[in-house]
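Structural characterization, general
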Amino acid sequence: MLAVNQLTCLRGERRLFQQLTFELPEGQWLQVQGANGAGKTTLLRVVAGLVAPQEGEVTWRSQPIRENRDQWNRDLLYLGHHAALKEELTAVENLSYGLGLEGFSSSPEQLNAALHQFGLKDREYLPVRYLSAGQRRRVLLTRLLVRPASVWVLDEPYTALDVQATAFLSTVIETHLERGGCAILTSHQTLGLHPGRTVSLG
Amino acid sequence: MLAVNQLTCLRGERRLFQQLTFELPEGQWLQVQGANGAGKTTLLRVVAGLVAPQEGEVTWRSQPIRENRDQWNRDLLYLGHHAALKEELTAVENLSYGLGLEGFSSSPEQLNAALHQFGLKDREYLPVRYLSAGQRRRVLLTRLLVRPASVWVLDEPYTALDVQATAFLSTVIETHLERGGCAILTSHQTLGLHPGRTVSLG
Amino acid sequence: MQWNSWQEFLTMRGYGLYVWGSFGACAVAMILEPLWVRNRWNAIRTRQPRQERS
Amino acid sequence: MNGFVMALRRDMVLALRHKSEWLTALFFFVIVTNLLPLGVGPEASLLRKIAPGVLWIGALLSTLLGLPRLFAPDHADGTLEQMALSPIPLPWLVAGKIVAHWLVCGLPVVLMAPLLGLQFDLPVRSLGLLVVSLMLGTPLLSAIGALGAALTLGLRGGGALLSLLILPLYIPALIFGAGAVEADLAGISAQGHLSLLGAILVVSVFFSPWVTSMALRIALE
Amino acid sequence: MNGFVMALRRDMVLALRHKSEWLTALFFFVIVTNLLPLGVGPEASLLRKIAPGVLWIGALLSTLLGLPRLFAPDHADGTLEQMALSPIPLPWLVAGKIVAHWLVCGLPVVLMAPLLGLQFDLPVRSLGLLVVSLMLGTPLLSAIGALGAALTLGLRGGGALLSLLILPLYIPALIFGAGAVEADLAGISAQGHLSLLGAILVVSVFFSPWVTSMALRIALE
Amino acid sequence: MSNSIINWFKYASPASFYPLAGRMIPWFSWLAVVLIASGVWLGLFVAPTDAQQSEGYRIIFVHVPASWMSMFIYCVMAFWSALGLAFNTRLSGMMTAALAPTGAMFAFLSLWTGALWGKPMWGTWWVWDARLTSQLILFFLYLGFIALQSAIDDPRRADRAGALLALVGVVNIPVIYFSVQWWNTLHQGASVSLTKAPSMAHVMLEGMLVMALGFWSYAIAVALTRVRCIILEREITSEWIKRNAVE
Amino acid sequence: MKPRHKRLALIFAGVAVLGVAVALVLNAFRSNLVFFYTPTQIVRGEVPQGRAFRIGGLVKVGSLKRQDIVAHFIVTDTVNETPVSYRGILPDLFKEGRGVVAEGKLSNGQFTATEVLAKHDENYMPPEAKDAVEQAQKTSRTLQR
Ligand code: HEM
Ligand SMILES: Nc1ncnc2c1ncn2[C@@H]1O[C@H](COP(=O)(O)OP(=O)(O)OP(=O)(O)O)[C@@H](O)[C@H]1O
Ligand SMILES: Nc1ncnc2c1ncn2[C@@H]1O[C@H](COP(=O)(O)OP(=O)(O)OP(=O)(O)O)[C@@H](O)[C@H]1O
Ligand SMILES: [Mg+2]
Ligand SMILES: [Mg+2]
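The structure presented is a predicted model; accordingly, all values stated were derived computationally and were not measured.

Describing the overall build of chain G
Regarding its fold elements, chain G presents 3 helices and 6 strands. When burial is assessed residue by residue, chain G has 39% of its 145 residues classed as buried. Sequence separation of at least 24 residues holds for 48% of the intrachain contacts in chain G that already meet a minimum separation of 6. As presented, chain G carries roughly 8,800 Å² of accessible surface, and 57% of it is formed by carbon and sulfur atoms.

Comments concerning the coordination of the magnesium ion (ligand 5)
Taken together, the protein ligands of the magnesium ion (ligand 5) are Thr41(B) (OG1) and His81(B) (NE2), with distances of 1.9 to 2.5 Å. With Thr41(B) in helix H1 (residues 40-48) and His81(B) in the loop between strand E6 (76-79) and helix H3 (91-101), the pair connects residues that are 40 residues apart, well separated along the chain.

What to know about the arrangement of the chains
Among the 15 pairs of chains that make contact, the interface with the largest number of contacts is formed by chains C and F. The two units chain C and chain D are non-contacting; their minimal C-alpha-C-alpha distance is 21 Å. Between chain B and chain G there is no contact; the minimum C-alpha to C-alpha separation amounts to 38 Å.

So, the site of ligand 1
The environment of ligand 1 is formed by 26 residues, the closest being His63(F), Trp68(F), His187(F), Gln188(F) and His120(G). With respect to ligand 1, its neighbouring residues span chains F and G. Sorting the residues of the shell around ligand 1 by element identifies helix H3 (60-87), helix H4 (90-121), helix H5 (130-151) and helix H7 (172-182) of chain F as the ones contributing at least two each. Tallied by class, the residues present in the shell around ligand 1 amount to 15 nonpolar, 10 polar and 1 charged.

Focus on the site of ligand 2
Lining the immediate surroundings of ligand 2 are 23 residues, of which Thr41(A), Thr42(A), Arg123(B), Ser132(B) and Gly134(B) lie closest. Per-site note: the chains with residues close to ligand 2 are chains A and B. Between ligand 2 and Gly39(A) there is a distance of 2.9 Å, counted from an oxygen atom to a backbone nitrogen or oxygen. Within the contact set of ligand 2, an oxygen atom lies 2.6 Å away from a side-chain nitrogen or oxygen of Ser132(B). In isolation ligand 2 offers 650 Å² of accessible surface; the protein chains occlude 91% of this area. Among the elements of the structure, strand E2 (14-24) and helix H1 (40-48) of chain A together with helix H5 (133-141) of chain B are those that each provide at least two residues to the shell around ligand 2.

Brief notes about the confidence of the model for chain G
Any region with low pLDDT has predicted coordinates that should not be read closely. All names here are of chain G. Here chain G shows a mean pLDDT of 78. Residues at 70 or above account for 82%. Here helix H3 (residues 127-144) stands out as the element of chain G with the lowest mean pLDDT, 64, in contrast to strand E4 (residues 81-87), whose mean of 88 is the highest. Scoring of the predicted complex yields 0.86 for pTM and 0.84 for ipTM.

Quick word on the environment of Glu81(G)
Residues and elements named next belong to chain G. Tracing the backbone through its elements, the reader meets Glu81 in strand E4. By relative accessible area, which is 40% here, Glu81 ends up partly exposed. Residues Glu81 and Ala13, spaced 68 residues apart in sequence, show a C-alpha to C-alpha distance of 49 Å. With residues near it in sequence (within four places) discarded, Glu81 still touches Pro39, Lys60, Ile74, Val75 and Thr76. Looking at Glu81, its side chain comes within polar contact range of the side chain of Lys60, at 2.9 Å.

Some details on the packing of aromatic side chains
Geometrically, a pair of aromatic rings is defined through the distance of the ring centres and the angle of the planes. All names here are of chain F. Considering all chains together, one arrives at 25 aromatic pairs over all chains under this definition. Seen from their ring centres, Tyr177 and Phe178 are 5.1 Å apart, and the 90 degrees between their planes marks the pair as edge-to-face. Above the face of the Tyr18 ring, Arg228 is positioned so that its terminal group lies 4.2 Å from the ring centre.

Details of the interface of chain F and chain C
Chain F puts 44 residues into the contact, and the matching count from chain C is 30 residues. Together chain F and chain C conceal approximately 3,400 Å² of surface at their shared face, both sides included; 70% is due to carbon and sulfur atoms. On the chain F side of the interface with chain C, the three residues burying the most area are Leu44(F), Phe45(F) and Glu55(F), jointly 18% of the side's total. Our enumeration of links across chain F and chain C arrives at 3 salt bridges.

Here's the deal with a nonpolar patch on the surface
Residues Val202(D), Val203(D), Phe206(D), Phe207(D), Trp210(D) and Val211(D) make up a contiguous nonpolar surface patch of roughly 630 Å² in combined accessible area. Mapped onto the secondary structure, Phe206(D) falls in helix H9 (residues 191-220).

Thoughts on H5(F)
With 22 residues, H5(F) should reach 32 Å at 1.5 Å per residue; the first-to-last C-alpha distance of 31 Å fits that figure. Within H5(F), 17 of the 22 residues are buried, leaving the element largely enclosed by the surrounding structure.

Concerning unusual backbone geometry
Positive phi, normally seen in glycine, also occurs at Glu156(B), with a value near 45 degrees. Checked against the element boundaries, Glu156(B) lands in the loop between strand E7 (151-155) and helix H7 (163-178). A relative accessible area of 9% means that Glu156(B) is categorised as buried. The backbone phi angle of Arg13(C) is positive, close to 50 degrees, even though this residue is not glycine. With respect to the helices and strands, the residue Arg13(C) is situated in the loop between helix H1 (6-11) and helix H2 (16-53). The exposure class assigned to Arg13(C) is partly exposed, which follows from its relative accessible area of 46%.

Here is what the cut-offs are and how they apply
Residues numbered from 1 in each chain as written. Chains lettered and ligands numbered in written order. Predicted model: local features only at pLDDT ≥ 70, side-chain atom pairs only at ≥ 80, totals over all residues. Heavy atoms only, no water. Helix = DSSP H or I, 4+ residues; strand = E, 2+ residues; numbered from the N terminus. Buried < 20%, exposed > 50% of the residue type's maximum accessible area, 1.4 Å probe, protein only. Contact = heavy atoms within 4.5 Å. Areas by Shrake-Rupley, 256 points an atom, 1.4 Å probe, with all protein chains shown as cover. Donors = N, O, S within 2.8 Å, 3.2 Å for Na, K, Ca; no water. Near = heavy atom within 4 Å. Nonpolar A, V, L, I, M, F, W, Y, C, P; charged D, E, K, R; others polar. Polar contact = N/O pair within 3.5 Å; in protein donor to acceptor, adjacent residues only side chain to side chain. pLDDT = per-residue confidence, 0-100. Phe/Tyr/Trp six-rings, centres within 6.5 Å; stacked < 30°, edge-to-face > 60°. Lys NZ or Arg CZ within 6 Å of the ring centre and 35° of its normal. Buried area = accessible area lost by both parts, 1.4 Å probe. Salt bridge = Lys/Arg side-chain N within 4 Å of Asp/Glu carboxyl O. Patch = residues over 30% accessible without salt bridge, like charges linked within 9 Å, V, L, I, M, F, W, Y side chains within 5 Å. Expected span 1.5 Å × (residues − 1).

The structure is reproduced here in structure tokens:
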């Protein structure tokens, strides 16, 4: 179970959120809601452990994540606003180096299969610089299929995706939840997922 | 009237679209539809005059745009995937330099008012680096309010916007159409605009 | 007392430039720095009540 | 004309806000020329001998350093697209950017040069000539460099390619510029060198904006 | 360990694909050292005298040039976030990146140096010592530089600030490195200089990945 | 154990340090004035001429205290930095930031007075010997620290990045101190050291020590004033300032 | 490895690294890494050949002779001596029996200086005290003989 206790976060002199508390058991998902600039991205970065909160703490399986970074980083998969893709590398290379940096590995065949699932047939060996906005996003999301993790923290995963990819992403998330994973996400669109928990900011 | 005649475009060895022909009279809008990677962005860039098509031509008021660049550039407003914002500058500075480079000008008060309309109160004097994804997008879209133009070419203008901003953008586009402008846009979301023309790619 | 006249004190047997250059630089620096910090202090103190009121 | 001023002002504001650019150029110049005595040893006569060459090379390298960032950030964030679609002719905007580049990377170096010259124990009379030769030379470096920057925009290996393209074109400026100062040091008239420098300057400053904006349009396709 | 190799390989592939990086460093080195005879004049005894200093400064500057791009691209596109969240300890990954930076910016310079030394008319015996001193010195420059790059990541004025922070720390390396070659040229043993260089090397290479990754975590906040 | 640490934190919190500093400042200011005045009097009027350097040696009364302070302040900064990184106390970053400009000033004064002393005595303003070079590096480290802090707008990041730099740079201090023993430098060796009797006449030594104590009080007074400024600037939104800081 | 062991290993490695570094530094101090060379080193041939370097030591008492503006003196480290000539102004502290550092070139055992710096010791005392000290030293020396 992922638990957030009494979290407070300041930016400049602005208080984004205060005394925020919620829990997320395995198999459940949580949508962070709020207008533009409400602090959703900031919250997700705090949960991932990239930013230290002013007050409060985040615990995973009853351990504070900042004290037990090894375990937490192994169980966490975070996808932010940034693409984290290198324009010069192909989709397959991007994926395999991404995995390598996290201590996982996967054969090119597996990666190709995953890319195909995400609708990137024929584009695997093109440098990412030539891909369209939606195709880049798909490359990034393919990590969900190849990187084992039990907590997914996804910041606006649905941007730039077309209808078909949106539907596929939803089934991917559902499968993850059925397998006992949990997920936190933000989105301004209405999602085709079974109802989950929500937190509203701002 | 904007007319596209027999446009063909290749990328690598891939034919994105072929013999594409459509017209867009003043007061109308057109949605370019297609899956990720279908060639929507490429089409918009051809229409804007940034990329030369393999075959065919684009005309504005019966003049080929590439031969009459002065007039076309004055009448055109193109917003692409890129933010075209400088992180170190504030929203107001970004807008006013953007206008300046196109030979227009506007007082800081007007710019501020326009930013307020787009829901960026209190954030006008913060460097863009501190803004959230949606807030940046809003700064960019504020150009629609301050830069006079009759043809709008917008590539996925709705990404990263929250519900409120989406609705506001739709009314902005409607107003533009009522005033006799025309607009081409792409989006994967369903839009809250009155029905317009469509072109499907791929 | 080491000096017989002001003259002698000021010229320092030919080392006046160097000795006074050193002592002078120290004096200037160590007088300016506290003034500078005072300035910062005063700026904050005058700003503070205004912020509180608003 | 208006667009020229606007482009110039915008780049200046960015540079001043950023500080990195002009400070880097200046800092680099000071460092290159100052590390030399550390590495070579502080023999005054030796230093005086190599001074004109070292100062000119310093100026040349600091201009070269700023070049990749002349168009690249605007290219990456889409501003260059907007400039290409602007009703104002692109050469005006490009001219503004070139002048801003000179003001940011060239001028501080020119102003700093006499101080460093003193450090290298150059006679005071030659300092004036050093400044004049740099004043004629650095705008030329910016103007020619802009073309190289535009040609290599967004290419893999941009930096190296840029130097490869541009340096051969810089060498005449270096030879005449450093030559002028050396001639003066040797007590000969430097007029010939300076005239040649002037000729290159006029031609390059006039044609560079046109050619550069053609190169930019090609890079954007 | 595995992560170290992975980070190293990834950066090497990127550099080779890009080419710009290592070619720029090498090219810059060659240019700096080659322009000098053009600007200073081709007096053999003069050139030989300034050779060790100039070659070392060249190496130092080309390392410095590559530094801002050590972490900045990964920071900009979010890869650095992913690395900070990786189960592999960050210092390993950072160590991989530092080694890659050295292989790309340092090693080519070391290998090129004897050729340029010949050009400066250095005796063949001293060339070996030049290579040794650079071989000890350049990894140290990369290791110390990485810390500066991490501290100034994403800051206004990054480039200039980086030089300001790093150059003071480079000065000892320059003095001992160039000193070693000069000692050898002068016919004295260079052992003392080399030992000191070695001491700095060992300490900085060992501690740099830790301190750098602390700085990176601070920068990511 | 946790109890004692919490106590510690309380002392190291800006809220309780602020009034404490306020009470200490006048004492140290007056101490500085008195000590420096008597140091100047001892140094310029009481101390006798030196046998080797005639009156030129009087620079010693500012050069040595300034040099000592520049090194000492850096050590104190490193100490606070270590504390800050280890325990994440807010005050430590503020202390480091408050000390740096004073340290930089003393480092500059050391270089300046040293150069002014070197010209008549050695016959040169500057040589690249080990002592002088390492002291110059110290000055650059101060400048780098200040520049780094001013380039970062988020105070938390500024503190922690600065702390790292201060800690790394501290290896330079022993190099400065022992350089005259390790290498044969143009700079003279230590006249005052813990291991042997000072090789200076008594009055001269006394003047120098009094000056050093004066500089020390001065540094404390200025740094405390500056740290109060920094506390006010950073904690302007916090409750305790609103409650009681505006005395 | 458990995290505990890992940390121990790291600390161990750190200490080892520091040890190696200290050994290297000590090694460096055994060899001649200097701002100036002594006459003894010149005699042993441990100085740069054919290029400028610095020589340091005491000015031998009674060796200073001036011809016009050229000064001739002998630098000694109490074991060996090197004759030096210098054209230019000598610094104030330059005196017989005092420390000196000269930069220049050596040819045929004769050092031609381009720059002369005075190096003084760490003793500060008024003239009277100095006289007293010198007197005491002299007497003790004569007593030893
Ligand atoms: C720019 C040139 C100089 C610099 C950077 C410099 C730097 C320093 C530093 C950092 C110290 C403190 C270290 C310690 O206490 O051991 C110091 C001490 C001292 N310096 Fe200098 N110095 C310079 C020039 C001179 C000159 C020209 C003289 C005298 C001729 C001189 C005389 C002294 C003395 C007497 C001490 C005190 C040493 C002791 O008692 O331990 N310095 N200097
Ligand atoms: N230094 C600062 N000073 C003032 N406000 C700041 C500063 N830094 C960040 N902010 C504000 O903090 C908020 C950060 O929001 P965040 O990126 O978490 O928003 P978000 O909910 O993800 O929005 P979006 O839906 O647009 O992605 C923004 O409102 C931003 O303006
Ligand atoms: N050099 C190339 N070789 C092969 N294919 C290429 C090359 N360059 C671009 N492409 C392809 O051209 C298409 C460009 O599509 P474009 O960016 O116009 O898509 P889009 O419709 O805007 O997609 P999205 O909805 O994702 O934004 C992509 O499918 C891309 O893979
Ligand atoms: Mg967000
Ligand atoms: Mg697109």
